[in-house]
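Below, each chain spelled out in residue letters.
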Amino acid sequence: MGKIALVFPGQGAQSVGMGKDVYDSCPEARQLFERADETLGFSLSSLIFEGPEDELKITYHTQPALLVTSLALYEVFKKKGIAADYTAGHSLGEYSALTVSGVLAFEDAVATVRKRGEFMEQAVPGGQGAMAAVLGADRDRLSGLCESITRSVGIVELANVNCPGQIVVSGSREGVQAVIEQGKEAGAKRVIPLEVSGPFHSSLMKPAAEKLSGVLADLAMKPAEVPVVANVTARPVTDPERIRALLVEQVYSPVLWEDTIRWLIGEGVDTFVEIGSGTVLSGLVKKIDRQVRAVSLNRLEAIEQFAG
């Protein structure tokens, strides 16, 4: 039997109504939504279940909403007694992974990602930053193109290395626009501007990282019971101080998702279980390696089927 990795989605996976079925049917899951509402001092759960969608899409709402939904689904999964060998999460999803691995207490995770969302929202004035998905480009050539554009036009950097042929760039509006115009030089078939509120995972996010650093410094963290593969290094971490430092770096560094999945496969992981809203990560895993099993447990029924 091969190894199992649990993976947790990040921003962009949210949808109104996510997690409602486990809220209705599992007391432990319901309790998490209620504890989140209490921690934040407003009804996050009614925003998740009823919307409106444009409110849910605001970064500082999206981040706790996705975290709580992933952890509520995990409560149901946990009862099935399936042990994981590793956890990992895409950007915000890393906080879900850290909570599941026993590093962060639930309330602390909820409060921290809410602040993380606020800091990211405030870091760059509206309209000054941008992100775009680059499809079909060669990673090294795209990296080189970004470096030359950064020197001549404006900052633009690799933000998410998702899977072969799908890389997201982030930075100044001018820098990202130049990649949209010159992407073909790196072999890009298409470059699609993303609807985001800021240049996430670029060096322009350093002001947010600094503020987050202050919050994380005071946060109680325990050693990980299950190794968490970090976005910044694509290697496992268990030590709280190292985790703290990497979470600060993560805000302005690329998410090395493809490298993370390849490392896990190299360690003998053959089953990837995505726990949370949507199907983004299992889709990426399949694009990285068709031989491994990737499942999305985004509702109660899917968890029952998987465990059965």
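What you see is a predicted model; the values in this text were computed from it and never measured.

Rules and cut-offs
- Residues numbered from 1 in each chain as written.
- Predicted model: local features only at pLDDT ≥ 70, side-chain atom pairs only at ≥ 80, totals over all residues.
- Heavy atoms only, no water.
- Helix = DSSP H or I, 4+ residues; strand = E, 2+ residues; numbered from the N terminus.
- Buried < 20%, exposed > 50% of the residue type's maximum accessible area, 1.4 Å probe, protein only.
- Pairing = 2+ DSSP bridges.
- Axes fitted to C-alpha atoms, helices over the stretch in contact; angles between N-to-C directions.
- Salt bridge = Lys/Arg side-chain N within 4 Å of Asp/Glu carboxyl O.
- Core = buried A, V, L, I, M, F, W, Y, C linked by side-chain atoms within 4.5 Å.
- Contact = heavy atoms within 4.5 Å.
- Arc of directions from axis to C-beta.
- Parallel < 35°, antiparallel > 145°, perpendicular 65-115°, else oblique.
- Left-handed = near helix turned anticlockwise from the far one by under 90°.
- Nonpolar A, V, L, I, M, F, W, Y, C, P; charged D, E, K, R; others polar.
- Expected span 1.5 Å × (residues − 1).

With respect to unusual backbone geometry
- A cis amide bond, omega 5 degrees, links Gly51 with the succeeding residue Pro52.
- Considering the arrangement of structural elements, one finds Pro52 in the loop between helix H3 (44–50) and helix H4 (53–56).
- Non-glycine residue Ser91 carries a positive phi angle of around 60 degrees.
- With a relative accessible area of 11%, Ser91 lands in the buried category.

So, the sheet that holds strand S5 (residues 166–172)
- Across the sheet, 4 strands lie side by side as S4-S5-S3-S6; this open sheet has antiparallel pairing. Strands at the two margins of the open sheet, each flanked by one partner only, are strand S4 (156–163) and strand S6 (190–193). Strand after strand, the sheet turns through a mean of 25 degrees between neighbouring axes, direction not considered.
- When strand S3 (residues 129–135) meets S6, the two strands line up antiparallel, connected through 4 bridges. Bridge pairing in S6 places Val134 opposite Val191.

Section: the pattern of salt bridges
- According to the stated counting rule, one finds 11 salt bridges in the structure shown.
- Between Arg262 and Glu258 there is a salt bridge, and its shortest N-O distance comes to 2.9 Å. Remark: Glu258 and Arg262 occur in helix H12 (residues 257–266); sequence separation between them is 4 residues, near one turn of the helix.
- Its relative accessible area of 41% is what places Arg262 among the partly exposed residues.
- Glu301 is the salt-bridge partner of Arg299, the closest N and O atoms lying 3.4 Å from each other.
- With relative accessibility at 37%, the residue Arg299 sits in the partly exposed group.
- Residue Glu301 is classed as partly exposed on the basis of its relative accessible area, which comes to 45%.

Observations regarding the nonpolar core
- Core analysis: the largest hydrophobic core is formed by 73 residues, its most contacted members being Leu6, Phe77 and Val273.
- Here this core takes 10 residues from helix H5 (residues 59–78), the largest share from any one element.
- Discounting chain neighbours no more than four positions away, the residues touching Val273 are Ile4, Ala5, Leu6, Val7, Phe77, Val295, Leu297 and Phe306.
- In this structure, Ala130, Leu145, Ile149 and Val179 belong to the second largest nonpolar core, which totals 21 residues.

A look at helix H9 (residues 173–182)
- Among the residues of H9, Gly175, Val176, Ala178 and Val179 are the ones counted as buried. The buried residues of H9 occupy one face: seen down the axis, they fall within an arc of 155 degrees.
- Where the residues of H9 are buried, they touch S3, helix H8 (139–152), S4, S5 and S6.

Quick word on the packing of helix H6 (residues 93–100) against helix H11 (residues 240–250)
- At a minimum axis distance of 11 Å, the contact between H6 and H11 shows a crossing angle of 165 degrees. In terms of orientation, H6 lies roughly antiparallel with respect to H11. In this structure, the crossing between H6 and H11 has a hand that is left-handed. Between H6 and H11, the residues in contact are Glu94, Tyr95 and Leu98 and Ile243, Leu247 and Gln250, respectively.
- Looking at the contact of H6 with H11, its residues break down into 4 nonpolar, 1 polar and 1 charged.

Considerations on the side chain of Ser91
- Structurally, the position occupied by Ser91 is in the loop between strand S2 (86–89) and H6.
- Apart from residues no more than four positions distant in its own chain, Ser91 is found in contact with Arg116, His201, Asn231, Gln250 and Val255.

Structural notes on helix H10 (residues 206–217)
- In a regular helix each residue adds 1.5 Å, so 12 residues correspond to 16 Å; H10 covers 16 Å between its end C-alpha atoms and thus fits that length.
- Every buried residue of H10 is accounted for by Ala208, Ala209, Leu212, Val215 and Leu216. Angular distribution of buried residues about the axis of H10 spans 115 degrees; they occupy a single face of the element. Along H10, exposed side chains directed more than 90 degrees from the buried face belong to Glu210 and Ala217.
- Along its buried surface, H10 packs onto H6, helix H7 (106–123) and H11.

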